Amino acid sequence: MEMIRVENLKKTFALKSKVLGIKTGEVHAVNGINFGIQRGKTLGLVGESGSGKSTTGRLILRLLEPTEGKVSLEGRDISKISNREFRKMRKNIQMVFQNPYSVLDYKMTIEDILIQPLHIHKIVTPLEYKKEVERLLGIVGLSKKDRKKFPHEFSGGQRQRIGIARALATQPKFIVCDEPVSALDVSVQSQIINLLKDLQKEYHLTYLFIAHGLNVIKHVSDEVAVMYLGKIVEIGEVEEVFERPKHPYTMALMSASPIPNPEAKRNRIHLNDEIPSALNIPKGCSFHPRCPKAMEVCKEIEPKLKVDKTHEVACHLFHGTEDNHD
Amino acid sequence: MINLLKKINFPLLLGGILVLIMLFAYFFPQVLTDKNPNVEEAAKYIEVRRDGEWVEEFATRPFPPNRENIMGSDEAGRDIYTRIIYGTRNTLHVALLVVFLRILVAMPLGIIAGMGVKSVSLFINMFNTFFTTIPKLLIAFVILNINYFRNLEIDRAILAFAIVLTVIGWSKLASMIEDQTALIMEEDFIEGEVAVGKNPLQIGVQNLLPHLIPHVISFLFIEIGMVLFLLAQLSVLTVFIGPRRMPLAEAFQGNFEMAFEPEWGSMLARAPEVIRLYHDRMWLTLFPALAFFFGVTAFNLTGEGLRIEFQKRNSQIVSFIRKGFFLASPKIYWMQLRSFKIYWKPVLGKTLAVLLILGYFSYPAEASQHFFDIERAKTHVEELSDEKYEGRLVGFEGGNKSGEYIIDTLKSYGLKPWEESYTQEFNTLDESGGFFERLIVEEAYIEVYQGEDAEVYHINEDFIIPALHKAEMHLEEDTNEAGWIDYHGKTITYHEDHTSVKITDEQQHIPLIDIEDHGDIHSQLYVRGQGVWAHSATHNFPTVSNPRGISYHLGILNTDLYDRELIDTYSHNRTLIIPFEDLRQSLDGADVEMALFVKPPKLPSYPGRNITAIIPGENWEQEGPRELIVIGAPYDGAYTGGREAFAPAITATPAATSLEIARVLSAMEEPLEKTVMFIFWDGEYSFYPFRIRGSFQYTASQRTFQQADFPYTYIDVGYTGNESVDQLEINIMHGQKRSDTSYLIRTSLSQRLQELEINYRMFDASQRWARGSVSRALYGMNMNSQFSMGFGSNYYPYINRLEDKVESINYEKMEGTGQIIVDSITMNSHLKEPQN
Amino acid sequence: MKLLQVKNLKTYFYIDKEEVPAVDGVDFDINQGEVLALIGESGSGKSVTSMSIMGLIDEPGKIISGEILFNRQDIFEDDLLQKSDKQMRFLRGKEISMIYQDPLSSLHPMIKVGEQVAEALMIHENTTKAEAKGKAIEMMKRVGISDGEKRYDEFPGQFSGGMRQRIMIAMAIICNPRLLIADEPTTALDVTIQAEILDLLRRLQSENRMSMMLITHDLGVVAEMADRVCVMYCGKIMEETTNQRLFKNPKNPYTKGLMKCIPRIDDKLEYLDTIEGYVPHPTDFPKGCRFSTRCPEVMAHCKEELPELREVEPGHKVRCWLYG
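Starting afresh in each chain, residues are numbered from 1 along the sequence in its written order. Naming scheme: in the order in which they are written, chains are lettered from A and ligands are numbered from 1. Totals for whole chains, interfaces and linings use all residues, but because this is a predicted model, local features are given only for residues with pLDDT of at least 70 and pairs of side-chain atoms are given and counted only at 80 or more.

So, on to the sheet that holds strand 12 (residues 316-319) of chain C. Residues and elements named next belong to chain C. One open sheet holds the 8 strands; their spatial order is 6-7-8-3-9-10-12-11, and the pairing between them is mixed. The strands lining the two open edges of the sheet, one partner per strand, are strand 6 (96-99) and strand 11 (309-313). Neighbour-to-neighbour, the strand axes of the sheet open up by a mean angle of 20°, direction not taken into account. Any two strands are treated as partners once DSSP identifies two or more bridges connecting them. A helix here means a DSSP run of H or I that spans at least four residues, while a strand means a run of E at least two residues long, and both kinds are numbered starting from the N terminus. Pairing between strand 11 and strand 12: 4 bridges, direction antiparallel. Bridging from a neighbouring strand, Glu313 pairs with His316 of strand 12. Once C-beta atoms have been placed from the backbone, residue pairs whose C-beta atoms lie within 7 Å are recorded as contacts. Lines fitted to C-alpha atoms define the axes, with helix axes restricted to the stretch in contact, and inter-axis angles between N-to-C directions lie between 0 and 180 degrees. Relative to the sheet, helix 1 (residues 46-54) contacts strand 3 (35-40), strand 6, strand 7 (179-183), strand 8 (211-216) and strand 9 (228-233), its axis offset from that of strand 7 by approximately 145°.

Laid out in structure tokens, this is it:
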């Protein structure tokens with residue numbers, strides 16, 4: 001059963017001149033993406049800065065308003081409903097944020113932080129708050145005594161656990177994990193990743209896992225989508241994509257990831273590091289200025305993502321040019 | 001040790017101490033000073049230090065700092081230290097109220113603007129810009145300098161100032177809150193809160209507020225400091241809170257207003273002059289300025305200290321407050337109640353807490369212990385307004401009878417006489433040959449001659465006689481025709497500019513005098529009548545002289561007011577008549593011949609009688625001085641026998657009120673500590689000053705108490721049923737009392753009046769614009785009293801008018817008067833407890 | 001030849017009357033032309049070590065003991081800790097250079113990029129402005145900024161993250177230092193850019209025969225770049241060895257744990273291994289071995305006494321009671 005589906009999602013930011021307020025440009029942060037996630041599965045969303053992956057997460061959670069497109073949860077369109085209605089829906093979609101140091105209100109005790117979602121969505125009766133908080137803390141590996149403390153009394157890893165506990169409090173079906181381990185120490189990252197995987201199994205959760213590190217993505221995802229400048233350039237089952245990457249960008253990305261083995265062979269694919277500004281997305285295939293395999297057609301026509309196989313790629317190398325005249 | 005010192009929050013500590021001192025002065029001023037902030041001393045011996053020794057000097061106000069007045073006195077002779085202490089309350093009230101109102105407005109607007117609503121942000125910005133370009137001080141000054149504001153009573157003034165200063169100054173606070181809110185909204189955790197599903201209101205309350213509070217609190221306290229400063233500035237421009245009055249006469253340098261209520265701002269109002277001219281009187285300004293300095297410092301420091309405290313990360317206080325909301329939530333309570341078996345402890349605890357709180361809040365408005373029964377008072381009014389008393393004119397049968405009624409009533413309540421008799425009698429006839437004796441003219445008529453015909457007009461139908469020439473009255477009682485007083489003459493008018501009129505022939509001339517229609521004939525007769533009654537001519541009325549050099553004996557007053565108002569008859573040095581419509585027209589123009597025939601009037605045949613009676617208190621039997629509470633009320637009126645359309649109800653209200661008070665007090669189970677004395681004044685109703693007034697007779701005679709033996713507080717009951725004025729007017733006079741008690745009586749009286757929800761207005765006799773609600777009795781009795789107050793007025797035009805009927809009396813006001821007097825005597829500790 | 005010798009360096013911080021031993025007795029050497037990687041997690045003390053070498057420790061921190069011997073061309077074995085601020089300034093940028101994690105905050109936003117590079121040269125050598133400019137443009141080209149002449153006049157804000165890091169590198173090596181300290185140089189960069197920068201650094205290092213001290217937390221970066229590696233934990237070095245041996249044969253349980261718990265792109269496991277527990281707070285270090293609270297192979301003795309850093313085989317030092 002499909003838990004979530006995103007169709008033609010777009011987000012454009014207008015840049016306004018500070019002086020006159022006139023629109024001076026547009027940033028197409030997310031430029032028409034499509035994907036779906038089955039229940040209980042994890043889709044990894046990987047990309048570098050400016051790819052739009054974090055924005056995508058926020059769009060699904062409506063922390064940003066989509067400019068266009070549709071988001072469906074269990075078949076129901078949640079992108080057009082009112083704010084008030086959506087707030088009720090938030091029970092089902094939660095987010096684990098990147099920076100554990102700033103994501104919790106440092107003036108609230110852990111107990112308060114965890115009670116609030118319980119209260120808003122009436123998960124349990126007020127008399128059971130304390131017990132539920134203790135249960136949540138237990139799930140994420142913290143002690144009951146911690147509920148009276150303040151966030152700054154915990155380490156980064158512990159705070160991230162609290163963030164996860166808060167996301168779990170509403171008993172959601174779908175969780176967006178926005179770079180949940182990037183800000184943590186290496187030795188702690190694995191703990192959190194394991195925790196997330198355990199929770200997924202136990203509560204049959206569906207994840208959208210956003211990261212920039214390919215190694216982490218590989219471990220948690222069932223499927224992976226690679227984003228570049230607001231578009232998905234390649235998407236497929238994770239084994240497939242990692243073993244047989246098709247898109248030149250994906251290949252460059254993989255080759256660039258450092259491998260903790262001094263004797264591993266490295267076939268570095270070099271890209272020039274002139275990342276285009278999101279204000280000025282190149283015409284045609286947005287990757288063509290950097291692509292080592294760029295062809296003439298790439299400068300003109302945007303390749304489409306073919307949507308019917310288990311491994312799709314948006315690149316002219318894999319489509320006959322005839323197909324792209326739609 | 002040093003660690004401990006580092007941990008102490010010094011600003012908070014210091015600021016807190018200073019604020020506590022101020023709060024102490026706010027709540028318990030009597031502890032800090034035993035003087036009365038309003039008592040003025042003109043001159044006295046003071047002890048000052050010269051060359052290390054205390055030396056006694058004589059000084060006039062303003063007194064420099066001396067042993068008794070440690071900060072000296074102001075130009076009216078009021079102790080500055082005491083005024084600063086009492087002034088703390090008023091000054092702080094304004095400052096706190098202003099800041100409170102500002103927060104009320106600024107907080108929600110600032111938060112909304114900071115959360116992104118542009119229109120509100122624009123609004124705040126506009127206000128800010130406006131008040132940056134135009135200085136707040138200027139606007140505040142212009143607005144608050146309007147007369148309306150200047151003359152407000154202190155409570156209203158505080159509110160008015162607060163509102164004006166709020167409107168002027170809220171935007172800066174809002175702007176700061178907006179900026180802070182915007183900053184906080186940028187923080188990462190806000191995103192998390194949205195993701196959890198909070199609506200903006202919840203985010204605002206649960207997340208924003210705890211972060212905003214440190215900034216807001218510290219800013220608040222600093223704001224208090226700024227407002228205090230603004231008040232100081234305004235005062236220097238003579239805009240301060242509270243009513244003003246002109247200083248009592250005497251050698252003053254210049255004419256300036258002084259504040260009545262103690263309040264720091266008003267004390268600074270003289271600063272420019274003092275600094276510029278009176279260098280040797282710096283204490284006048286120095287100490288009030290220091291008071292402001294103290295206040296501003298206290299709040300600034302405390303604000304700073306609180307900010308430091310709130311910024312500490314481990315604020316269990318904030319979490320505790322949050323918990324508090326959880327505990328207090330009614331929903332939770334209800335749920336716990338339903339599962340009573342499990343949660344019986346918290347349920348009981350909360351119920352108890354709620355009951356206690358409710359109990360505390362419903363407690364203070366203490367119920368009156370004794371009730372003034374307005375119905376009974378009404379029966380007295382009805383009785384005394386009855387025809388049989390004929391208006392209760394002093395010295396005549398009706399008046400005497402009414403006195404009997406009062407005495408009988410008092411006896412029935414069990415009141416004892418003062419010394420042996422219930423009455424003090426005085427002469428109603430002036431044997432020294434003076435005027436203003438009351439007269440009753442039973443018969444008189446006027447003949448107007450037109451050619452052959454003579455039109456006859458009768459007294460009380462066509463005219464009345466307010467004054468009768470004394471020399472021409474016969475004192476015998478024979479009534480033969482020849483015994484009637486008669487006049488013949490011709491009418492004349494006079495020039496506009498009221499110069500004297502010379503007459504060439506010898507005939508008696510009768511001037512026609514116009515009286516301006518000011519609505520109150522008594523005042524007209526009195527004021528205008530300065531000329532009428534005086535021996536010499538005034539600018540109002542001409543002298544009419546004929547070759548014989550005799551000024552006129554008879555004058556005709558032209559006015560419309562006769563039929564609306566009861567005007568009684570007095571003896572004087574000329575005779576005056578007021579013609580009604582028809583007669584007036586007949587007499588209109590000059591050269592009309594007429595004749596007046598007056599039957600010799602009835603003279604007072606009874607003495608005037610002040611009725612005195614007491615309810616002995618606990619102190620009645622003791623040795624030494626016995627403190628009294630004296631309640632005085634006039635019971636006489638004006639003769640209505642001739643003109644029965646008039647019902648003299650209002651003039652009966654004081655006595656009625658007083659009688660009912662007597663009943664209530666005498667019916668008390670436990671006696672009062674002080675003895676209560678009732679005096680019912682006779683002969684008070686008169687629009688002429690002094691002489692045949694009961695109160696004058698009383699105080700001028702030897703009957704007045706020796707101050708040392710019977711220190712007394714005097715309460716005057718005036719015409720409280722007066723319909724024309726909604727507010728109960730109260731006059732406060734300080735008598736001899738110098739200590740703070742009189743001030744406290746005043747403030748506690750105000751409080752009780754508010755508790756009883758009586759619409760009142762309080763004057764201080766020394767106030768600049770105290771209205772004429774002062775009775776002669778009050779003035780007379782005040783001089784030797786410790787403290788006096790007068791309720792109601794005796795001045796208003798409804799008295800003895802056609803509208804003055806039993807039904808038209810404002811019984812609510814009367815009841816209020818009665819009740820407040822009863823409550824003050826039985827419940828107000830400052831009044832009922834002996835001071836010695 | 002040893003270029004740098006750090007002996008028993010101790011840098012402590014004094015905050016709120018608490019003593020935080022950020023670097024607690026660290027010894028290592030860097031040879032001429034070699035890349036030494038300092039790897040550690042937060043609180044390990046790796047950054048503080050580099051700052052101590054550069055003489056950039058300020059209140060509330062203090063170097064309380066140790067020697068940092070730098071082999072300068074004219075003076076042999078100069079103790080950097082004995083130098084005054086002025087003397088250190090002379091060295092910084094010329095003999096020893098440093099590049100940081102976040103290039104945006106290290107560059108002056110209002111000064112032209114080219115001028116900043118040229119300035120580094122002008123401070124230390126007697127050149128004219130024109131000469132310096134010429135050299136700066138050349139340097140910019142060398143680090144991979146094409147259009148050096150045009151881009152000389154641009155401002156940092158006009159460059160992307162990777163470009164800015166290249167400028168930083170240009171500034172750092174324009175005077176041809178003998179030691180380059182790179183403190184997490186690629187952590188803030190995207191993966192593809194990171195790869196480029198690392199390649200650049202390696203190229204420059206070999207071209208200039210420069211020694212490099214690379215500070216990082218990323219084992220992948222270490223594997224690609226380092227000749228030798230020091231693993232730091234809680235202010236102490238836990239293991240020091242060559243790159244190969246570290247990955248092939250890690251001895252210290254902490255190192256082993258680190259290796260195991262990294263998700264690897266070339267390998268899929270159901271579950272990652274973890275190191276239990278959390279890095280202890282510097283004010284709260286356990287008695288004995290600092291890793292004792294989390295070590296899977298902990299023994300009773302570990303909790304009592306701190307082990308010494310001992311050479312267990314040639315070129316391989318370990319601090320652990322498992323090894324004697």
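Next comes the rest of the write-up.
Contact residues are listed per partner, giving 39 residues for chain C and 33 residues for chain A. At the level of secondary structure, the elements contributing two or more residues to the side of chain C that touches chain A comprise helix 7 (161-173), helix 8 (191-208), helix 9 (219-225), helix 10 (243-248) and helix 11 (253-261) of chain C. Here the element with the most residues in the side of chain C that touches chain A is helix 8 of chain C; it accounts for 7 residues.

Residue and element names in this part refer to chain A. Of all the 5 residues making up strand 3 (residues 42-46), 5 are buried; the element is thus mostly covered by neighbouring parts of the structure. Counting other C-beta atoms within 10 Å of each residue's C-beta, where C-beta atoms are placed from the backbone, gives the exposure class: buried for 20 or more, exposed for 12 or fewer, partly exposed between. The alternating pattern of strand 3 places Thr42, Gly44 and Val46 and Leu43 and Leu45 on opposite faces, both of which are buried. Inspection of the sheet shows strand 3 paired to strand 8 (residues 206-211) by 5 bridges, in the parallel sense. Each residue of the ladder has a partner; that of Leu45, found in strand 8, is Ile210. Note: strand 3 against strand 9 (residues 223-228), 4 bridges, orientation parallel. Looking at the pairing, Leu45 lines up with Ala225 of strand 9.

Contact residues are listed per partner, giving 27 residues for chain A and 23 residues for chain B. Of all the secondary structure elements, the ones that give two or more residues to the side of chain A that touches chain B are strand 6 (93-96) and helix 3 (110-120) of chain A. Broken down by element, the residue count for the side of chain A that touches chain B peaks at 4 residues, all from helix 3 of chain A. Just so you know the grouping, Ala, Val, Leu, Ile, Met, Phe, Trp, Tyr, Cys and Pro go in nonpolar, Asp, Glu, Lys and Arg go in charged, and all remaining residues, Gly too, go in polar. Grouping the constituent residues of the side of chain A that touches chain B by class yields 12 nonpolar, 8 polar and 7 charged.

Another aspect to go through is the packing of helix 21 (residues 653-666) of chain B against helix 25 (residues 811-827) of chain B. All names here are of chain B. At a minimum axis distance of 10 Å, the contact between helix 21 and helix 25 shows a crossing angle of 40°. By the angle class used here, helix 21 and helix 25 are oblique. Crossing of helix 21 against helix 25: the hand is right-handed. Here helix 21 contributes Thr653, Thr657, Glu660, Ile661, Val664 and Leu665 to the contact with helix 25, which in turn contributes Met814, Thr817, Gly818, Ile821, Val822 and Ile825. Of the residues assigned to the contact of helix 21 with helix 25, the class counts are 7 nonpolar, 4 polar and 1 charged. Each angle receives one of four descriptions, namely roughly parallel if under 35 degrees, roughly antiparallel if over 145, roughly perpendicular if within 65 to 115, and oblique otherwise. Each helix crossing is assigned a hand: it is left-handed if the near helix lies turned anticlockwise from the far helix by less than a right angle, otherwise right-handed if that turn is clockwise.

In spatial order, the strands read 2-1-4-5 (chain A); together these 4 strands make up an open sheet with antiparallel pairing. The open sheet terminates on both sides in strands that have one partner only, identified here as strand 2 (23-38) and strand 5 (76-77) of chain A.

Let's shift gears to the packing of helix 4 (residues 113-124) of chain C against helix 7 of chain C. Residues and elements named next belong to chain C. At a minimum axis separation of 7 Å, helix 4 and helix 7 run at an interaxial angle of 25°. When the interaxial angle is binned, helix 4 and helix 7 end up roughly parallel. For the crossing formed where helix 4 meets helix 7, the hand is right-handed. Note on element contacts: helix 7 touches helix 4 through Ile167, Ala170 and Met171, opposite Val113, Gln116, Val117 and Ala120. Looking at side-chain class alone, the contact of helix 4 with helix 7 contains 6 nonpolar, 1 polar and no charged residues.

Residue-level confidence of the predictor is what pLDDT reports, using numbers from 0 through 100. Here chain A averages 85 in pLDDT, while 94% of its residues score no lower than 70. Throughout residues 321-326 of chain A the model reports pLDDT below 50, and contacts reaching past four residues in sequence, or to other chains, amount to 6 contacts.

Moving on: the pairing of strand 4 (residues 68-73) of chain A. Residues and elements named next belong to chain A. Relative to strand 4, strand 1 (residues 2-16) runs antiparallel, the two sharing 5 bridges. By the bridge assignment for strand 4, Arg5 is matched with Ser72. Across 2 bridges, the pairing between strand 4 and strand 5 is antiparallel. In the strand pairing of strand 5, Leu73 is matched with Arg76. Hairpin connection of strand 4 to strand 5: 2 residues between the antiparallel strands, including Glu74 at a positive phi of 50°.

Residue and element names in this part refer to chain B. Take Ser666: it is sitting in helix 21. Considering only alpha carbons, one finds Ser666 and Leu415, 251 residues apart in sequence, at a separation of 7.2 Å. Ignoring sequence-local partners within four residues, the contact set of Ser666 consists of Tyr413, Gly414, Leu415 and Ile615.

Time to look at the nonpolar core. Joining buried Ala, Val, Leu, Ile, Met, Phe, Trp, Tyr and Cys residues through C-beta atoms within 7 Å gives a set, and that set is a nonpolar core. Counting 249 residues, the largest nonpolar core has A:Leu208, A:Phe209, A:Val226, B:Val227, C:Ala37, C:Val117 and C:Ala170 as the members making the most contacts within it. If you tally residues by element for this core, the top one is helix 4 (residues 80-114) of chain B, at 16 residues. Those residues within four positions of A:Phe209 in sequence are excluded, and the remaining contacts are A:Thr42, A:Leu43, A:Gly44, A:Leu45, A:Cys177, A:Ile217, A:Val220 and A:Ser221. Counting residues in hydrophobic clusters, the runner-up holds 99 residues, among them B:Ile485, B:Val598, B:Ala613 and B:Tyr685.

Below, the discussion takes up unusual backbone geometry. A positive phi angle, close to 70°, is found at B:Asn460, a residue other than glycine. Relative to the helices and strands, B:Asn460 is located in the loop between strand 9 (453-458) and strand 10 (463-469). A tally of 17 C-beta atoms within 10 Å means that B:Asn460 is categorised as partly exposed. Here C:Asn8, not a glycine, exhibits a phi torsion of approximately 50°, which is positive. As for its placement among the helices and strands, C:Asn8 is situated in strand 1 (residues 2-15).

All names here are of chain C. Relative to the helices and strands, Glu196 is located in helix 8. With 22 C-beta atoms packed within 10 Å, Glu196 lands in the buried category. In sequence terms Glu196 and Gly162 are 34 residues apart; their C-alpha atoms lie 8.5 Å from each other.

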